[in-house]
Amino acid sequence: MSQYFASVFRRRPNEGWFRAGNFSVTTVDLICGAAVLTMFVYGILGASTWSELVFAPWLVRDLEVWRLATWSIATQPDFWPLLGIVFFWMIGQDVEAMLGRSRFLGWFATVTIAPALIMTFLGALNDTLDRTTVASGLQPIFLAVIWVYAATYPKLKWFEVVPLWAVAVVFTLLNVLRYNGDGLRGMVVLTVVVILVSLTAARSLGAATGWEIPHVPLPSGGGRRSAGPVRSSKGKVRGKGRGRSKGTSSVIDGPWSASPATPSANHDTVAAQVELDQLLDKISASGLDSLTSDEKRRLNELSKRLR
């Protein structure tokens, strides 16, 4: 059991924006650091100053538009909000590894701003939703990252027992029941909207390929890491089960198939496909963290070669 806890709390070797000593500071690090900083804002400058970061639809309509972007990091100095930061840091690293730092930042901004805009509009139409929507903290965004990870690896199990999607359902249901019991109908709607937006945005960026999710296909930029295309290929393959043909063309079809390849090229392509399949099977069984650094580099090389 200890190896699973060590894996959960292990820092992922994601590409950072800059270095702080021996650490490469990633997007997830910056978000969590900003959230912790708002705890000190609350304690030093007072609740009234801290409340300027919180999302409330009627205040946004009064042109306090910065609240659309700041609410997700506004965190009160308490145990449960702190635990939400820790959970987001743990799972968020894996989602950032899938998308890459730039696309993860874009995903986070979308999941923060778009639902708040939607609730601002709905609040103008429904007074009940307007009065019961006051959002702060990373808890809704943590739900978003765990749903995205579950949608990317539908067969992945938590501690090899509980499917990750079931964990996401339980966490979401607990939040919905709490909000509904407190009469916060607006927060129930916001929670659902955050999850839906997060899945659509992630699918559009190349993750969450394990389920059929409506999305807007986006061009694959050079700044994204290999996980996005690999997930897409994996999503096609996994539907056929683990007994798929080693030479399946669902992953390697592309413009090069228009001209006949040499026997040597065919042999190399099939060998590369077999090796890629083995790495994807390992990820499917044990998650991305089960790969060594050399295997991750090889995964990157193969995905670029067979794209």
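Up top is the structure these notes are about.
Conventions and cut-offs
- Residues numbered from 1 in each chain as written.
- Predicted model: local features only at pLDDT ≥ 70, side-chain atom pairs only at ≥ 80, totals over all residues.
- Heavy atoms only, no water.
- Helix = DSSP H or I, 4+ residues; strand = E, 2+ residues; numbered from the N terminus.
- Buried < 20%, exposed > 50% of the residue type's maximum accessible area, 1.4 Å probe, protein only.
- Contact = heavy atoms within 4.5 Å.
- Areas by Shrake-Rupley, 256 points an atom, 1.4 Å probe, with all protein chains shown as cover.
- Core = buried A, V, L, I, M, F, W, Y, C linked by side-chain atoms within 4.5 Å.
- Salt bridge = Lys/Arg side-chain N within 4 Å of Asp/Glu carboxyl O.
- Axes fitted to C-alpha atoms, helices over the stretch in contact; angles between N-to-C directions.
- Parallel < 35°, antiparallel > 145°, perpendicular 65-115°, else oblique.
- Phe/Tyr/Trp six-rings, centres within 6.5 Å; stacked < 30°, edge-to-face > 60°.
- Lys NZ or Arg CZ within 6 Å of the ring centre and 35° of its normal.
- Left-handed = near helix turned anticlockwise from the far one by under 90°.
- Nonpolar A, V, L, I, M, F, W, Y, C, P; charged D, E, K, R; others polar.
- Expected span 1.5 Å × (residues − 1).
- Patch = residues over 30% accessible without salt bridge, like charges linked within 9 Å, V, L, I, M, F, W, Y side chains within 5 Å.

Caption draft 1: The arrangement of the overall build of the chain in detail. Along its length, the chain carries 14 helices and four strands. Of all 307 residues assigned to the chain, the portion counted as buried reaches 45%. Pairs at least 24 residues apart make up 70% of the contacts formed inside the chain by residues separated by at least 6 positions. For the chain, the accessible area works out to roughly 15,100 Å², and carbon and sulfur atoms hold 64% of it.

Caption draft 2: Region of interest: the environment of Ile73. Note on placement: Ile73 falls in the loop between helix H5 (67-70) and helix H6 (79-99). On a C-alpha basis, the gap between Ile73 and Ile85 in space is 9.1 Å, while along the polypeptide they are twelve residues apart. Excluding anything up to four places from it in sequence, Ile73 contacts Ile31, Ala34, Ala35 and Thr38.

Caption draft 3: Structural view of the nonpolar core. Phe88, Trp107, Ile141 and Tyr149 are the most contacted members of the largest nonpolar core, which has 65 residues in total. Mapped onto this core, the elements with two or more residues apiece are helix H2 (27-45), H6, helix H7 (101-125), helix H9 (139-152), helix H10 (164-181), helix H11 (185-204), helix H13 (263-286) and helix H14 (293-306). The biggest single contributor to this core is H9, with eleven residues.

Caption draft 4: Focus on the pattern of salt bridges. In the structure shown here, the tally under the stated rule is seven salt bridges. Here Arg67 and Glu52 are joined by a salt bridge, their closest N and O atoms 3.5 Å apart. Taken together, the positions of Arg67 in helix H5 and Glu52 in the loop between helix H3 (47-50) and helix H4 (57-61) put the pair 15 residues apart, joining distant regions of the chain. On the basis of relative accessibility, which here comes to 4%, the residue Arg67 falls in the buried class. Among the residues examined, Glu52 registers a relative accessible area of 36% and is labelled partly exposed. The residue Asp130 makes a salt bridge to Arg61 at a minimum N-O spacing of 2.6 Å. One end of the pair, Asp130, is in helix H8 (residues 127-131); the other, Arg61, is in helix H4, and 69 residues separate them in sequence.

Caption draft 5: A look at the packing of H2 against H6. Direction vectors running N to C along H2 and H6 enclose 170°, while the axes themselves pass 9 Å from each other. In terms of their interaxial angle, H2 and H6 are classed as roughly antiparallel. Seen from H2, the contacting residues are Thr27, Val28, Asp29, Ile31, Cys32, Ala35, Val36 and Met39; seen from H6, they are Pro81, Leu82, Ile85, Phe88, Trp89, Gly92, Gln93 and Glu96.

Caption draft 6: Region of the structure containing the packing of aromatic side chains. Within the structure shown, the criterion is met by nine aromatic pairs. The interplanar angle of 35° and the centroid separation of 6.4 Å between the aromatic rings of Phe87 and Phe171 together place this pair among those described as tilted. One end of the pair, Phe87, is in helix H6; the other, Phe171, is in helix H10, and 84 residues separate them in sequence. Through successive ring pairs, a cluster of aromatic residues spans Phe87, Phe142 and Phe171. The aromatic ring of Trp17 is capped on one face by Arg101, whose charged end is 4.4 Å from the ring centroid.

Caption draft 7: Focus on the packing of H6 against H7. The geometry of H6 relative to H7 is characterised by a closest axis approach of 7 Å and an angle of 120° between their N-to-C directions. Here H7 runs oblique to H6, going by the angle between their axes. You can see that H6 and H7 cross each other, and the crossing is right-handed. Side by side, H6 and H7 meet where Phe88, Gly92, Val95, Glu96 and Leu99 of the first sit next to Arg101, Arg103, Phe104, Trp107 and Phe108 of the second. Within the contact of H6 with H7, the residues separate by chemical class into six nonpolar, one polar and three charged.

Caption draft 8: Inspection of H2 at higher detail. Between its first and last C-alpha, H2 extends 26 Å over 19 residues, near the 27 Å set by a 1.5 Å rise per residue. Burial in H2 covers these residues: Thr27, Val28, Asp29, Ile31, Cys32, Ala35, Thr38 and Met39. Its buried side turned inward, H2 meets strand E2 (23-25), H3, H6 and H7.

Caption draft 9: Highlighting a nonpolar patch on the surface. A cluster of nonpolar side chains, namely Val36, Leu37, Phe40, Ile44 and Leu45, defines an oily patch on the protein surface of about 520 Å² accessible area. Inspection of the secondary structure assignment puts Leu37 in helix H2.

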